[in-house]
Every structure is written in structure tokens, then in C-alpha cells.
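Chain and residue survey
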Amino acid sequence: MIPSLRQIKFSHFSAKASKRGVLRRTNTRLNTTTSTQSSENPEAKALVYAANGEPKEVLRFCILAIIRNTFVLNRMKSCFINLEKPLNFPQDLPHLVHKHRLAPLTSETIYLRFIASPLNPSDFNQIEGVYPIRPLFNKELDTEDQVAVAGNEGLAEIIAVGKDVEGLKIGDWAVMAKSGFGTWRTHAVAKPVDVIRIEPNCIDVIKAATITVNIATAYRMLKDFVKLQEGDFIIQNGANSGVGQAVIQLAKAWGINTINIVRNRPNFDELKLRLESLGGNLPNLKTYVLNEDDFGKKYLNKEQFVGEQGADRVRLALNCVGGEVATINSGYYVTYGSMGRKPIRISASLLIFRNLHFVGFWMAKWKETHSKKEYREMLDDLIALINQGKLEVSSVQETNWGGESDLKKSLTQFHEVLDKAYPNSHGVKQILRFQ
């Protein structure tokens, strides 16, 4: 009888594997934090694509058979299983359902069981082929075509460790060291360089799964360009975005005032109260929230408003929309997105007389150019702020996924999540909680 993941001990592996020294032997059962399938042949699942395009048209569903001996022995032949009535995304589009084994664990690799992964706009950009980082398309999943696994951010648990791996152990939590790994799946084989370890249960699962993109972007932009001091001001547009909300909270924790611009909308008053609650209005700390229309009507220009609040102390402007520049004196104007798809208009006078520095920021590039030690220090700082109650994630909606034995039900379930997240999440982050 082949045990389930919950039942597997390393002592269950074959004598041949033991002689090869591939696995560390232990009498402790694998630690899990969420339920796993109880079938004798549990299956891992992944969402893959063989070509760039509209996510609803190119995503495919992949099943990975996890059979005890195939952790170390290559004995299982891959096969295709066609659904009798293929589910469509959205119009009768057949989906590839492919069953295969995970690659054998080596002395230098680890097995990951993903716990949760968000659906971020950059994930969809990557699937569409317009994101600068392209995932590696290959046949590592034994597919007929070269495929890539979707998703860049997520939280995983280490469930098996090769004998030569150092600094990682079974039960550790891990986040991705770089973009492009592929996190929309229940299990994966990885190398230690692919992950950053975090202490298990150090924070809530959803916070851990969403800490490395939006929250990390906000942290780095506030830290890396200007040495901000208590009482300084920053100004940002897109303040209701995931990054914008993190900026407000981090600024509050560090005693920095914020001027927050959002696009006009019917529920502006409700949004304003929510964003102000993230920051707070105290005698020595202000969180201003204005919509673009009122900002233009009430004040002749941004300089007037900024000037009334202390222009000399507005040191940093954060832009994710494009278009008109928020005027500040002798500081940095950091662009990290272009949701409005409008070019940034920069006059010569801004460069000459105000000594503004226009730069861009991309979290994925930061990860590539900085050490794991620096990454680890940032995560430790963010985790501490979360545990102090100073940092919350933006609105999320969780969907349990991956535990269904009914293929059509799993596909339908993911289709519903995709509809909520793409092309617009409407302020609510969709999270896959893997079963």
C-alpha cells in the first residue's frame, strides 16, 4: 500500500535510494499545515501554459502523480488523459490534462508543498508575454510541449530535503527568491537557491504568501532613495493599490506624513475613510487622501497643496499611474508602474530648478541584484512590523484549490477565481489556498 503525503516517512523509501544517500532518513512524519489528499496515489496539480496569450485561453491544467517510488526512481511513464467533455476558458477550449511524476529528489534538491499563492497583475502580464521576466519553458513536467508554470509569488513548505542541502529542513516555510519560478501549483522540486527560508508560523499564511511583491516594493521605495525622517512628507498616486496601502502603513510606522491621490469613483468617501484608517490623522502625523478631480479643482496645482503642508519636507513622490508629475522640491520621483498607460510629462524646469531625480523601481530586479542576506533582513523587518500590528495586507479573498479529485470541478473552481482577478481585481486580491 502506497502511503499518502501525510503518512510518508523517509524510512518508507526503497533500499536502493538509501544506499545512494539521496535522502535524509528520519522517523518523523512530514509536517503539514493544511490538509493533503488521503488517496493512496495523491496528485499534485499545476496551472501551466505552452505559449503566451490571453490567460483564459492559454492556461492549462496539469496533474502530477506523486507515487512513493517515483520520488527516487524513474519508473512511471507519462500519459495524456482527455476529458470527455473539455471545460472551456471560456468557449469550449480543450484543456491539457497531463499526469506524470515529480522529478526524483537528488542530494542537492528539495521538495516544496505550496500553501498559498496570490494572483498578481504581473502574473497575467507574464502569461501575456509583456512582462520583462520570462519564465523558463521546458519539459521538466514530462509534457509533450515545453510549458511554464504560472505565478511568481507564494508561500511553500519544505517537505523533503536532499542530504547535501544545508540551512533548510523539513517543515520550514519558504518564499521565492526570484520571480519566474512558477507558484500556481501544489508541489514542486526546487534548489536551495530558489527559496528564502522563513520561520514556520511566524506570521499568518496569507501575509507570508503576499509579503514579497507589493509589501516589499513599498518597503524598498521608502528605504532606498531618500533618507526619510520623522515628520517628512511623501506623495503618491494609486494609493488604493496593494503597494499604496502598504506605503501608508509603513509611513505611519516610521512617523512619515503621506499625501495620497486616487482616481475619482462613486465610493470615494468610503475609500478615503479606509485609507485614512491605515495611516491616521494625529497632531504630528497626517494622512491626506484626495481624488484627482478634487485635487485639480480645489488647488490650482499640486504645488499649492504641497506647499500648504510643508513643501520643503516632501522628499519623495511615488508613481504607478503616469501622466502629470507631482511637483516636489529636490527629491526623488520614483515610478514603479503605469496603470494609466500615459507617458510621464517632465519639463526642463523640473530638472534644472528643482533638482528632481526621476528613477524607476522594479522589485524583481532588486531581487536579482541584491544578496539573500539583504532579502532576509528585509523580510525579518516586515515580519516584525506585521507581528507588532503595524502592517496588514490589503483586502483578499481566499479560494481552497487543488484538493478536488473531480477534474472538471477543479477547472471550474479556478475559472471562477480567474474571472475575479483578471483583468481587474477591483481592489480584492485573489488567493489560491492549496489543499
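Right, let's walk through the structure included here. Worth saying up front: this structure is predicted, and the values here are computed from it rather than measured.

Description of the overall build of the chain
Summing up its helical and strand segments, the chain has 13 helices and 18 strands in all. Evaluated residue by residue, the chain yields a buried proportion of 53% over its 435 residues. In the chain, 72% of the contacts between residues at least 6 apart in sequence involve partners at least 24 apart. Taken as a whole, the chain presents about 19800 Å² of accessible surface, with 47% of it coming from carbon and sulfur.

What about the environment of Lys429?
Within the secondary structure, Lys429 sits in strand β18 (residues 429–434). What makes Lys429 buried here is its relative accessible area of 13%. Expressed as a C-alpha distance, the spacing of Lys429 and Glu398, which sit 31 residues apart in the sequence, is 8.5 Å. Looking at Lys429, its side chain comes within polar contact range of the side chain of Asn120, at 2.6 Å.

Description of the packing of helix α6 (residues 242–253) against helix α7 (residues 268–279)
Between α6 and α7, the shortest axis-to-axis distance is 7 Å and the interhelical angle comes to 35°. For the pair α6 and α7, contact is made by Gln245, Ile248, Gln249 and Lys252 and by Arg274, Leu275, Leu278 and Gly279, respectively. A per-class count over the contact of α6 with α7 returns three nonpolar, three polar and two charged.

Some thoughts on the nonpolar core
Ranked by size, the top nonpolar core spans 48 residues in total, and within it Leu155, Ile198 and Leu318 carry the most contacts. Discounting residues that sit within four places of it in the chain, Leu318 has contacts with Met221, Leu222, Ile234, Ile235, Gln236, Asn237, Val247, Val334 and Tyr336. Among the nonpolar cores identified, the runner-up in size contains 35 residues, and Ile63, Ala148, Ala150 and Val161 belong to it.

Section: the pairing of strand β13 (residues 287–291)
Of all five residues in β13, four are buried; the element is thus mostly enclosed. Looking at chain direction, strand β12 (residues 257–262) and β13 are connected through five bridges and run parallel. Residue pairing for β13: Thr258 is matched across the bridge by Thr287. Taken together, β12, α7 and β13 form a β-α-β motif whose crossover is right-handed.

Notes on unusual backbone geometry
Omega for the peptide link from Tyr422 to Pro423 comes to 0°, which places this bond in the cis form. Of note, Pro423 is situated in the loop between α13 (407–421) and β18. In this model, Asn201 sits at a positive phi of 60°, which is unusual for a non-glycine residue. Relative to the helices and strands, Asn201 is located in the loop between β10 (195–198) and α4 (205–209). For Asn201, a relative accessible area of 57% translates into the label exposed.

Some words on helix α5 (residues 214–224)
For α5, the buried fraction is high: eight of the eleven residues fall into the buried class. Against the buried residues of α5 lie β11 (233–237), α6, β14 (314–319), β15 (332–335), α11 (363–369) and α12 (372–387).

Quick word on α7
Residues that lie three or four places apart on an α-helix share one face, since the helix turns once every 3.6 residues. Taking 1.5 Å of rise per residue, the twelve residues of α7 would be expected to cover 16 Å, and the 17 Å separating its terminal C-alpha atoms lies within 8% of that figure. Lining the buried residues of α7 we find α6, β12 and β13. Taken from the residues just after α7, Gly280 is the one with a positive phi, measuring 110°.

Overview of a nonpolar patch on the surface
Nonpolar side chains collect at one region of the surface, where Ile344, Ile346, Leu351, Ile352 and Phe353 lie side by side and expose about 520 Å² of accessible area between them. If you trace the backbone, Ile344 turns up in the loop between β15 and α10 (348–352).

Describing the sheet that holds β13
With respect to topology, six strands assemble into an open sheet ordered β13-β12-β11-β14-β15-β16, the strand pairing being parallel. Because the sheet does not close on itself, it has two edges, and the strands there are β13 and β16 (357–360). The average angle at which neighbouring strand axes cross in this sheet is 15°, direction not considered. Taken together, the four bridges between β11 and β14 define a ladder with parallel strand orientation. The partner of Phe233 across the bridge, within β14, is Val314. Sitting on the sheet, α6 is in contact with β11, β12, β13 and β14, with an inclination near 170° to β11. Along the sheet, α7 makes contact with β12 and β13, crossing β13 at roughly 160°.

Some remarks on the pattern of salt bridges
Close approach of charged atoms lets side chains of opposite charge pair. Enumeration over the complete set of coordinates arrives at 13 salt bridges. When the shortest N-O distance is used, the salt bridge between Asp172 and Lys169 registers 3.0 Å. The exposure class of Asp172 is buried, given its relative accessible area of 1%. Here Lys169 falls in the partly exposed class, since its relative accessible area comes to 43%. Note that Arg376 and Asp380 form a salt bridge whose closest N and O atoms lie 2.4 Å from each other. One end of the pair is Arg376 and the other is Asp380, both in helix α12 and four residues apart, which spans about a single turn. Judged by relative accessible area, Asp380 falls into the partly exposed class, the value being 40%. A cluster of three or more residues bridged by salt bridges with shared partners is formed by Lys169, Asp172, Arg197 and Glu199.

Cut-offs and rules
- Residues numbered from 1 in each chain as written.
- Predicted model: local features only at pLDDT ≥ 70, side-chain atom pairs only at ≥ 80, totals over all residues.
- Heavy atoms only, no water.
- Helix = DSSP H or I, 4+ residues; strand = E, 2+ residues; numbered from the N terminus.
- Buried < 20%, exposed > 50% of the residue type's maximum accessible area, 1.4 Å probe, protein only.
- Contact = heavy atoms within 4.5 Å.
- Areas by Shrake-Rupley, 256 points an atom, 1.4 Å probe, with all protein chains shown as cover.
- Polar contact = N/O pair within 3.5 Å; in protein donor to acceptor, adjacent residues only side chain to side chain.
- Axes fitted to C-alpha atoms, helices over the stretch in contact; angles between N-to-C directions.
- Nonpolar A, V, L, I, M, F, W, Y, C, P; charged D, E, K, R; others polar.
- Core = buried A, V, L, I, M, F, W, Y, C linked by side-chain atoms within 4.5 Å.
- Pairing = 2+ DSSP bridges.
- Right-handed = clockwise from strand over helix to strand, strands pointing away.
- Expected span 1.5 Å × (residues − 1).
- Patch = residues over 30% accessible without salt bridge, like charges linked within 9 Å, V, L, I, M, F, W, Y side chains within 5 Å.
- Salt bridge = Lys/Arg side-chain N within 4 Å of Asp/Glu carboxyl O.

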